[in-house]
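Notes for the structure review
For reference, the chains in residue letters:
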Amino acid sequence: MTQRLGVNVDHVATLRQARRTPYPDPVTAAALAELAGARQITIHLREDRRHIQDRDLRILRETCQTLLNLEMAATAEMVKIAYEYKPDVVTLVPERREELTTEGGLDVTGQREAVAKIIKNLKDGEIIVSLFIDPDLDQVRAAHKVDANRIELHTGRYCEARNERERARELGRIVDAAKSAAKLGMSVAAGHGLNYDNVQPIARIQEIDELNIGHAIVARAVLVGFERAVREMLELMRDPG
């Protein structure tokens with residue numbers, strides 16, 4: 001099975017917002033990613049609008065040729081936005097304004113009732129719901145109990161491992177969580193911190209059908225161009241060794 005690559009174009013918007021210019025446009029980057037073979041575009045509309053803007057979501061909903069995955073906080077405001085624009089998938093993520101990037105998975109076990117309510121509201125709007133969680137078996141089981149369609153496993157600890165032993169341990173946690181989710185009937189994605197050097201072991205996990213990668217692709221695109229950066233990532237995913 002070839003995993004789907006979801007290209008996160010948030011950091012194209014980060015470059016734009018740094019100078020408040022109209023460029024570079026994440027909408028253009030999304031089109032180039034699709035031309036290069038990406039099968040999903042992922043954006044995170046943060047409550048503080050630090051990178052992706054409402055305008056980006058509106059235009060991407062009109063122009064995206066593949067799947068549009070909207071990452072968002074589990075709040076009433078964001079549910080309303082999801083209802084308005086109807087992305088193909090909503091991924092609920094934890095969000096703190098002072099963080100540089102998402103620091104961990106959603107604590108489903110600790111806020112099961114609130115998360116279940118948000119999921120029901122989104123499903124009533126015929127939106128597929130994914131939960132961004134740590135590769136923890138309790139969180140996987142909680143995601144199933146609140147009726148999530150999918151999960152996305154947070155790969156940050158694996159990517160930041162300081163040595164091979166630590167990396168192997170974190171990879172094992174991801175494998176176990178993916179297998180557990182698949183047995184419960186949930187689809188499984190993975191993402192956060194994945195790059196050209198560490199993606200292949202994750203791409204070998206058969207239960208994972210989607211990888212969401214942003215920063216590494218955008219950073220490489222600055223040097224080699226967006227289409228090439230996406231194609232190079234796809235080559236690594238298709239031949240994970």
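This one's a predicted model, so the numbers in the text were calculated from it and none came from an experiment. Within each chain, residue numbers correspond to sequence positions counted from 1 in written order. With the structure being a predicted model, the display of local features is reserved for residues of pLDDT at least 70 and the display and counting of side-chain atom pairs for 80 or more, all residues being used for whole-chain, interface and lining totals. No hydrogens and no water enter the side-chain calculation; it runs on all heavy atoms of the structure.

Once that is clear, we can look at the environment of Arg173. With respect to the helices, strands and loops of the structure, Arg173 is situated in helix α8 (residues 164-183). Distance from Arg173 to Tyr158, taken between C-alpha atoms, is 9.0 Å for residues 15 residues apart in sequence. By definition in these notes, contact holds between two residues if any of their heavy atoms fall within 4.5 Å. In contact with Arg173, other than residues within four places in its own chain, are Pro135, Asp136 and Arg157. Of note is the side chain of Arg173, whose polar atom sits 3.4 Å from the backbone oxygen of Pro135. Strands are runs of DSSP state E lasting at least 2 residues, helices are runs of H or I lasting at least 4, and numbering of each runs from the N terminus. Between N or O atoms, a polar contact is any pair within 3.5 Å; within protein, one atom must be a potential hydrogen donor and the other a potential acceptor, and residues adjacent in sequence are included only when both atoms are from side chains.

Right, let's talk about the pattern of salt bridges for a bit. We define a salt bridge as a side-chain nitrogen of Lys or Arg found within 4 Å of a carboxyl oxygen belonging to Asp or Glu. With the rule as written, the count across this model stands at 19 salt bridges. The partner of Asp56 in a salt bridge is Arg16, and the shortest N-O contact between them spans 2.7 Å. One end of the pair, Asp56, is in helix α3 (residues 54-63); the other, Arg16, is in helix α1 (residues 10-19), with 40 residues separating them in the sequence. What makes Asp56 buried here is its relative accessible area of 0%. For every residue, the accessible area obtained with a 1.4 Å probe (protein chains only) is divided by the maximum for its type, and the residue is called buried under 20%, exposed over 50%, and partly exposed between those limits.

UniProt positions are given in the numbering used here, feature names are shortened, and annotations may be inferred rather than shown by experiment. What UniProt calls "binding site: 1-deoxy-D-xylulose 5-phosphate" (unreviewed entry) maps, in this numbering, to Asp10, His11, Arg46, His51 and Thr101. Tracing the sequence through the fold places His11 in helix α1. Excluding residues within four positions of it along the chain, His11 makes contact with His215 and Val218. Here Arg46 is to be found in the loop between β2 (40-44) and α3. The class of Arg46 is buried, set by a relative accessible area of 2%.

With that settled, the discussion passes to the pairing of strand β8 (residues 208-213). The element β8 is largely enclosed, with a buried count of six among its six residues. Direction of pairing for strand β1 (residues 4-8) relative to β8: parallel, over a ladder of four bridges. Each bridged residue has a counterpart across the sheet, and for Val7 the counterpart in β8 is Ile213. In this analysis, strands are considered paired if DSSP registers two or more bridges between them.

What follows is about helix α2 (residues 26-35). Burial in α2 covers these residues: Pro26, Val27, Ala29, Ala30, Ala33 and Glu34. Angular distribution of buried residues about the axis of α2 spans 160°; they occupy a single face of the element. In the core, the buried residues of α2 are packed alongside β1, α1, β2, α3 and α11 (226-238). Looking one or two places after α2, you find Gly37, whose phi comes out positive at around 120°. Working definition: the arc comes from the directions between the helix axis and the C-beta atoms, pointing outward to the latter.

Take the packing of aromatic side chains next. Each aromatic ring pair is specified by the distance between its two centres and by the angle formed by the two planes. When the centres of two rings from Phe, Tyr and Trp lie within 6.5 Å, Trp using its six-membered ring, the rings pair. Their planes under 30 degrees apart give stacked, over 60 give edge-to-face, and anything left gives tilted. Taken as a whole and judged by the stated rule, the model has zero aromatic pairs. Two conditions define a charge located above a ring, namely a distance within 6 Å from the ring centre to NZ of Lys or CZ of Arg, and an angle within 35 degrees of the ring normal. Just above the ring of Tyr158 sits the side chain of Arg167; from NZ or CZ to the centre is 5.3 Å. One Lys or Arg, Arg220, reaches over the ring of Tyr196 and ends 4.2 Å from the middle of that ring.

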